[in-house]
Amino acid sequence: MNKDSYKAGSLSLSGAVAMGTGVMIGAGIFALTGQIAELAGPSFPIAFLVAAFISGFSAYSYVKVSNKYPSSGGIAMILKKAYGPSVITGAASLLMVFSMIINESLVARTFASYSLQLFDVKNTALLVPALALGLIFLAFLVNIAGNKFIGGISKLTAILKIGGILVFAFIILWGSGLSSASGVQAGGDTTVTPMSFIAGMALAILAFKGFTTITNSGGEITNPKKNVGRAIIISLAICLIVYLAVALAVGSALDIDAIIAAKDFSLAEAARPTLGQTGVIFTVIIAIIATSSGLLASVFAVSRMLTMLTKMKLIPHRHFGLPGGLQTHLLIYTVVMAGLLAAFFDLTRIASLGAIFYLLMDIVIHWGVFKYLRDDVGARPTILILAIIFDAIALTAFIIMKAMNDPLILGIAAVGLVGIYVLESYYLKKMREVGIGLETTHMDSHS
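Residues numbered from 1 in each chain as written. Predicted model: local features only at pLDDT ≥ 70, side-chain atom pairs only at ≥ 80, totals over all residues. Heavy atoms only, no water.

A.B. asks: Quick rundown of helix H2 (residues 44-68)? Include the residues and the values.
C.D. replies: The end-to-end C-alpha distance of H2 is 36 Å, a good match for the 36 Å that 25 residues give at a rise of 1.5 Å each. Maximum bend of H2: about 30°, positioned at Ala-59. (Helix = DSSP H or I, 4+ residues; strand = E, 2+ residues; numbered from the N terminus. Expected span 1.5 Å × (residues − 1). Bend = angle between axes of the 7 residues up to and from the residue.)

A.B. asks: Can you break down the side chain of Ser-55 residue by residue, with the values?
C.D. replies: By the element assignment, Ser-55 lies in helix H2. Classification of Ser-55 as buried rests on a relative accessible area of 2%. Not counting residues within four places of it along the chain, the set of residues in contact with Ser-55 comprises Ile-205, Phe-208, Phe-211 and Leu-236. (Buried < 20%, exposed > 50% of the residue type's maximum accessible area, 1.4 Å probe, protein only. Contact = heavy atoms within 4.5 Å.)

A.B. asks: Describe in detail the side chain of Ser-235, supporting the description with residues and values.
C.D. replies: Following the sequence through the fold, Ser-235 ends up in helix H9 (residues 224-253). Every residue in contact with Ser-235, bar those within four places of it in the chain, is listed here: Val-17, Gly-20, Thr-21, Met-24 and Ile-214.

A.B. asks: Tell me about the packing of aromatic side chains, and please be specific about residues and values.
C.D. replies: For the structure on display, the rule yields 11 aromatic pairs. Relative to Tyr-114, the ring of Phe-30 has its centre 5.4 Å away and its plane inclined at 90°; by these criteria the two rings are edge-to-face. Pair noted here: Phe-30 is in helix H1 (residues 13-40) and Tyr-114 is in helix H4 (residues 87-115), with a separation of 84 residues, a long-range link. Residue classification places Phe-30 among the buried residues on the basis of a relative accessible area of 1%. Ring geometry for Phe-53 versus Phe-57: centroids 5.0 Å apart, planes at 65°, classification edge-to-face. Residue Phe-53 and its partner Phe-57 are both found in helix H2; the two are separated by four residues, about one turn of the helix. Ring-pair connections join several aromatic residues into one group, and the members of that group are Phe-48, Phe-208 and Tyr-243. (Phe/Tyr/Trp six-rings, centres within 6.5 Å; stacked < 30°, edge-to-face > 60°.)

A.B. asks: Tell me what's going on with helix H5 (residues 127-143), and back it up with residues and numbers.
C.D. replies: Count 3.6 residues to each turn of an α-helix, and residues three or four apart come out pointing the same way. Between its first and last C-alpha, H5 extends 24 Å over 17 residues, near the 24 Å set by a 1.5 Å rise per residue. Within H5, burial applies to Val-128, Pro-129, Ala-132, Leu-135, Ile-136, Ala-139, Phe-140, Val-142 and Asn-143. The arc that holds the buried residues of H5, viewed along the axis, is 165°, so those residues lie on one side. (Arc of directions from axis to C-beta.)

A.B. asks: Can you lay out the packing of helix H13 (residues 347-377) against helix H15 (residues 407-434) for me, pointing to particular residues and giving the numbers?
C.D. replies: Two elements in contact, H13 and H15, have axes whose closest approach is 10 Å; the angle formed by their N-to-C orientations is 45°. With respect to their mutual orientation, H13 and H15 come out oblique. By crossing handedness, the relation of H13 to H15 is classed as right-handed. Mapping the contact onto sequence places Arg-349, Ser-352, Leu-353, Ile-356, Phe-357 and Leu-360 in H13 and Leu-408, Ile-409, Leu-410, Ile-412, Ala-413, Gly-416 and Leu-417 in H15. Looking at the contact of H13 with H15, its residues break down into 10 nonpolar, two polar and one charged. (Axes fitted to C-alpha atoms, helices over the stretch in contact; angles between N-to-C directions. Parallel < 35°, antiparallel > 145°, perpendicular 65-115°, else oblique. Left-handed = near helix turned anticlockwise from the far one by under 90°. Nonpolar A, V, L, I, M, F, W, Y, C, P; charged D, E, K, R; others polar.)

A.B. asks: Go over the pattern of salt bridges with me, naming the residues and quoting the values.
C.D. replies: In the structure shown here, the tally under the stated rule is four salt bridges. Between Lys-263 and Glu-38 there is a salt bridge whose closest N-O contact spans 2.9 Å. Of this pair, Lys-263 sits in the loop between helix H10 (256-261) and helix H11 (266-311) while Glu-38 is found in helix H1, placing the two residues 225 residues apart along the sequence. Given a relative accessible area of 35%, Glu-38 falls into the partly exposed group. (Salt bridge = Lys/Arg side-chain N within 4 Å of Asp/Glu carboxyl O.)

A.B. asks: Please provide a residue-by-residue account of the confidence of the model for the protein chain, values included.
C.D. replies: Confidence in the prediction for the protein chain averages 81 pLDDT; 84% of positions are at 70 or higher. Within the protein chain, the lowest mean pLDDT, 37, falls on helix H16 (residues 436-444), and the highest, 94, falls on helix H14 (residues 381-405). The low-confidence segment residues 1-5, where pLDDT is below 50, has 17 contacts with residues more than four positions distant or belonging to other chains. Below a pLDDT of 50 lies the segment residues 436-447, which in the model reaches 11 contacts outside its immediate sequence neighbourhood of four places, other chains included. (pLDDT = per-residue confidence, 0-100.)

A.B. asks: Tell me about unusual backbone geometry, and please be specific about residues and values.
C.D. replies: Despite not being glycine, Asn-223 shows a phi value in the positive range, around 45°. Along the chain, Asn-223 falls in the loop between helix H8 (212-216) and H9. Judged by its relative accessible area of 44%, Asn-223 falls in the partly exposed class.

A.B. asks: Account for the environment of Thr-191, with residues named and values stated.
C.D. replies: With respect to the helices and strands, the residue Thr-191 is situated in the loop between helix H6 (147-176) and helix H7 (194-208). For Thr-191, a relative accessible area of 67% translates into the label exposed. Sequence spacing of Thr-191 and Glu-38 is 153 residues, and the spatial spacing of their C-alpha atoms is 9.4 Å.

A.B. asks: Got a sec to walk through the environment of Gln-277? Specific residues and values, please.
C.D. replies: Looking at where Gln-277 falls in the secondary structure, it is placed in helix H11. Here Gln-277 falls in the partly exposed class, since its relative accessible area comes to 37%. Separated by 160 residues in sequence, Gln-277 and Gln-117 place their C-alpha atoms 9.7 Å apart. The contact partners of Gln-277, leaving out residues within four places of it in the chain, are Gln-117 and Arg-272. Within polar-contact distance, the side chain of Gln-277 engages the side chain of Arg-272 at 3.2 Å. (Polar contact = N/O pair within 3.5 Å; in protein donor to acceptor, adjacent residues only side chain to side chain.)

Rendered as structure tokens:
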């Protein structure tokens, strides 16, 4: 990797905001609109609004700790400050890593689903994973170029996609009649319960979780003790505006059944009634920009978090004969795992798995800050407790809904959770048995 790949101060405030919005908008609005509408029904724009409110509470813990202890380890650093070099720290950090890798596969498959709308393709079963894998490989190549190149791309694509999405929303609302933005058209087959709405809100929280990308790059942001928090708040505000505009536009153009039927490419379908094929092409181009830049920013953040976890001696590392250093290896492992998920899981299951892992990790973060760090970082306990309660309600409702309509994904999540905990316990036990000697040797092997 280039010398400036992990250089302190190599990301500006605007670059950090672009990276955060890049991850959120790439995954949130294109990948999850249809998924959320399927659960929340005609109230899915409200689900985005409530999710933003909850995400604001969640961001509080990250901002307070990152302001005092900015680090490229981000979430891993927060967990270690709270729980020490423990199994909880390692396991919760890996939950975040895997939720971000899951997000990458979600974005990659969304890229493929939208791209194929430009062509008259009947059978997409093989093309969707193939295109997704191609985008993941491209993200790997770009990430090798380092922070400055990534930051420049993030800024350019952020302007293009946010501007393009807002233009899309305005045209669709204008074409559908601005008065129609006051409510989403209900479909005949749509049944929404309070439980399903909360489950949809849980998925919408996943659409805002990209702000953690900023936390994971904290040590590389200029003036991090001020700009990490600023970047998170600005990113959340921008994404809320964009999400609400698009949700109202899609809801004004299509009834809820049509949104669900086209849930993997609902924005492109919403452009069709007003603008025809030209609108579809415009929307697909914006989707390609948004998803590709979102994947780029996410791969950037995950590889850095894995690097920090390895240096903290919380996860093992093997070279497997690969060239380059630790950071390059972890970048490779990241894209390989994302590629496997993109190849074998559909969008709904990918999103579900990501939501479960993220909400669990988020609860662990808030509890750690509440119990061990609140006085040190000046955090208000009431806000921390509310953040835990909101996450717990969303997670419980989501698990109940999945138990009723897709219990397999809960089994996969349970196996993943148990596997992470067992492997992390075994690794840390071996590290304690070997002691400092192995720690020094392991560190030296990456110097």
